[in-house]
Each structure stands twice: as structure tokens, then as C-alpha cells.
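Tertiary structure, described
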Amino acid sequence: MEYRDATSSVPLNRNDTLTFIDATNYKYNNMSDTYYLNSNDYTHLTLNKTPFGDISGTVPGNFTESGEIIAVPFSQVHASGSLTYYLWMKKI
């Protein structure tokens, strides 16, 4: 996984692992929490309790098959003046 915030132009590496357990639960580095994946006109992913806070972004429509996102902006949920984080994730 790589990320960068909106104030930086260089992605930083993280050795993090996300494991999607079922339709609403996932583990982030073995810490369990919930996520929401809504696939209507766009595929929207919300991850709760990440090191970046609760974050939400629009992922590619083939995310559930490919497991990959490239420089997708995720914004903090429920935060005033929240930061946007750009995430790179790859299915392993």
C-alpha cells in the first residue's frame, strides 16, 4: 500500500494489509472493523478506523474483481477541515 496526502506529491510506502472478511467486515493490520461498499453508478468504498481515520472514496468499478486502486482520493469522514489521502492498493 502507498499513500500521499494532498499536501505532498510523493507517495509513501506502508507495509499495511487489508483483508476483506465478508460483505461488511475487514481487518486492517489484523485490527477488525467495518467497511461499506456501495456499487450503483459509481463504486464507493468507506473504511472505518484506519490510521487515516474513517475514510471514503470512489474506487474503480472493477475493484471487487481486481482488488487494485491507483491514486484514488479518499477523504476523511466526519472531520471538519479533513485531509484527502490518495491511496494505492494491490491485491496479493
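Above this text is the structure in question.
Residues numbered from 1 in each chain as written. Predicted model: local features only at pLDDT ≥ 70, side-chain atom pairs only at ≥ 80, totals over all residues. Heavy atoms only, no water.

Some details on the overall build of the protein
Helix and strand counts for the protein stand at 1 helix and 9 strands. In the protein, the succession of helices and strands from N to C terminus is β-β-β-β-β-β-β-α-β-β. For 92 residues, the compact-globule estimate of 2.2 N^0.38 gives 12 Å, and the protein sits close to it at 12 Å. Principal-axis analysis of the C-alpha atoms places the extent of the protein at approximately 35 × 25 × 25 Å. (Helix = DSSP H or I, 4+ residues; strand = E, 2+ residues; numbered from the N terminus. Rg over C-alpha atoms; globule rule 2.2 N^0.38 Å.)

Some points on the environment of Thr-7
Inspection of the secondary structure assignment puts Thr-7 in the loop between β1 (2-5) and β2 (12-13). As a C-alpha pair, Thr-7 and Ile-21 span 14 residues in sequence and 33 Å in three-dimensional space. Of the polar contacts made by the side chain of Thr-7, one reaches the side chain of Asp-5; its length is 2.5 Å. (Polar contact = N/O pair within 3.5 Å; in protein donor to acceptor, adjacent residues only side chain to side chain.)

Re the pattern of salt bridges
Scanning the model with the defined rule gives 1 salt bridge in all. Note that Asp-16 and Arg-14 form a salt bridge whose closest N and O atoms lie 2.4 Å from each other. Its relative accessible area of 24% is what places Arg-14 among the partly exposed residues. (Salt bridge = Lys/Arg side-chain N within 4 Å of Asp/Glu carboxyl O. Buried < 20%, exposed > 50% of the residue type's maximum accessible area, 1.4 Å probe, protein only.)

Remarks on the side chain of Thr-50
Mapped onto the secondary structure, Thr-50 falls in strand β6 (residues 43-50). We classify Thr-50 as buried; its relative accessible area is 8%. Within the structure, the side chain of Thr-50 is placed 3.0 Å from the backbone nitrogen of Phe-52, a separation counted as a polar contact. Those residues in contact with Thr-50, other than ones at most four positions away along the chain, are Tyr-26, Tyr-28 and Ile-55. (Contact = heavy atoms within 4.5 Å.)

What to know about the packing of aromatic side chains
Scanning all chains against the criterion turns up 7 aromatic pairs. Relative to Phe-52, the ring of Tyr-3 has its centre 5.0 Å away and its plane inclined at 55 degrees; by these criteria the two rings are tilted. Of this pair, Tyr-3 sits in strand β1 while Phe-52 is found in the loop between β6 and β7 (53-59), placing the two residues 49 residues apart along the sequence. Each member of the pair, Tyr-3 as well as Phe-52, carries the same accessibility label: buried. (Phe/Tyr/Trp six-rings, centres within 6.5 Å; stacked < 30°, edge-to-face > 60°.)

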